[in-house]
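Listed below, chain by chain, are the residues.
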Amino acid sequence: MVSDKLTIKPSLFKGLGILFTNISFWIILFYFAVPSLPSWAAKNWLPTLFAQNLNIPMATAGPLSTITIAASSFLGVILGGILSDKWVQKNLKGRIYTSAIGLALIHSIAFIIRLWSLTLSCCRSGHLLRFRLWNV
């Protein structure tokens, strides 16, 4: 009889409260969520971008963008794995450095793509031409 009174069913809200007040949970959540945001944006918006700006039908733009992202991700994982395996034999932090280089390349390439698209949109509207001629 005593053992029946001691078994208390934990509350769902109490468990969630403990989870959401734990700083380790938030660190792990943001550590894995933040790097995946650019990938999510590219996978969701790239077919629309292809369809609108390149006049590709959506039925073609979807698989085209998905296959290119998947193929480049696969190639990056294979090459990054080979590089980090060789680097970790010489330096114990080789895997961390490889990840850092990969993230730096992703962000710099995303910046270059954004800068290129802004330049193209300015050229199409004529703003860049006016800026160069009259320094306005």
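Residues numbered from 1 in each chain as written. Predicted model: local features only at pLDDT ≥ 70, side-chain atom pairs only at ≥ 80, totals over all residues. Heavy atoms only, no water.

Caption draft 1: Fine view of the overall build of the chain. In terms of regular secondary structure, the chain is built from seven helices and zero strands. Of the regular secondary structure in the chain, the N- to C-terminal order runs α-α-α-α-α-α-α. Per-residue burial for the chain yields a buried fraction of 8% across its 136 residues. By sequence separation, contacts in the chain at least 24 residues apart represent 6% of the contacts at least 6 residues apart. For the chain, the computed accessible surface area is about 11900 Å², with 74% contributed by carbon and sulfur atoms. (Helix = DSSP H or I, 4+ residues; strand = E, 2+ residues; numbered from the N terminus. Buried < 20%, exposed > 50% of the residue type's maximum accessible area, 1.4 Å probe, protein only. Contact = heavy atoms within 4.5 Å. Areas by Shrake-Rupley, 256 points an atom, 1.4 Å probe, with all protein chains shown as cover.)

Caption draft 2: Geometry of the packing of aromatic side chains. One pass over the structure, following the stated rule, counts six aromatic pairs. Arranged with centres 6.0 Å apart and planes meeting at 35°, the rings of phenylalanine 20 and tryptophan 26 form a pair that is tilted. Among the residues examined, phenylalanine 20 registers a relative accessible area of 44% and is labelled partly exposed. Seen from their ring centres, tryptophan 26 and phenylalanine 30 are 6.0 Å apart, and the 25° between their planes marks the pair as stacked. Highlighted residues: tryptophan 26 and phenylalanine 30, both in helix H3 (residues 23-33), separated by four residues, approximately one helical turn. The exposure class assigned to phenylalanine 30 is partly exposed, which follows from its relative accessible area of 48%. (Phe/Tyr/Trp six-rings, centres within 6.5 Å; stacked < 30°, edge-to-face > 60°.)

Caption draft 3: Focus on unusual backbone geometry. We note that asparagine 55 has phi near 55°; this positive angle belongs to a residue other than glycine. Here asparagine 55 is to be found in the loop between helix H4 (36-53) and helix H5 (58-90). The exposed category is assigned to asparagine 55, whose relative accessible area is 68%.

Caption draft 4: Main features of the packing of H4 against H5. At a minimum axis distance of 8 Å, the contact between H4 and H5 shows a crossing angle of 135°. With respect to each other, H4 and H5 are oriented oblique. Note on packing geometry: the crossing formed by H4 with H5 is right-handed. On the side of H4, the interface is formed by Ala42, Lys43, Leu46, Pro47, Thr48, Phe50 and Ala51, while H5 contributes Met58, Ala61, Gly62, Leu64, Ser65 and Ile69. (Axes fitted to C-alpha atoms, helices over the stretch in contact; angles between N-to-C directions. Parallel < 35°, antiparallel > 145°, perpendicular 65-115°, else oblique. Left-handed = near helix turned anticlockwise from the far one by under 90°.)

Caption draft 5: Here's a closer look at the side chain of threonine 98. As for its position among the elements, threonine 98 is in helix H6 (residues 94-125). If sequence neighbours within four positions are ignored, threonine 98 has contacts with Gly80, Leu83, Ser84 and Trp87.

Caption draft 6: Structural context of the confidence of the model for the chain. Residue-level pLDDT values for the chain average 80, and 82% of them are 70 or greater. Confidence, read as mean pLDDT per element, is least for helix H7 (residues 127-134) in the chain (50) and greatest for helix H2 (residues 12-20) (91). Note on residues 132-136: pLDDT under 50 across the span, and two contacts to partners over four residues away in sequence or across chains. (pLDDT = per-residue confidence, 0-100.)

Caption draft 7: Layout of H5. The end-to-end C-alpha distance of H5 is 48 Å, a good match for the 48 Å that 33 residues give at a rise of 1.5 Å each. Residues of H5 that are buried: Ala61, Gly62, Ser65, Ile69 and Ser84. (Expected span 1.5 Å × (residues − 1).)

Caption draft 8: How the structure looks around the pattern of salt bridges. The tally for this structure, following the rule as stated, stands at one salt bridge. Here aspartate 85 ties to arginine 95 by a salt bridge, and the two come within 2.8 Å at their closest N and O atoms. Within this pair, whereas aspartate 85 is found in helix H5, its partner arginine 95 is found in helix H6, the two being separated by ten residues in sequence. (Salt bridge = Lys/Arg side-chain N within 4 Å of Asp/Glu carboxyl O.)

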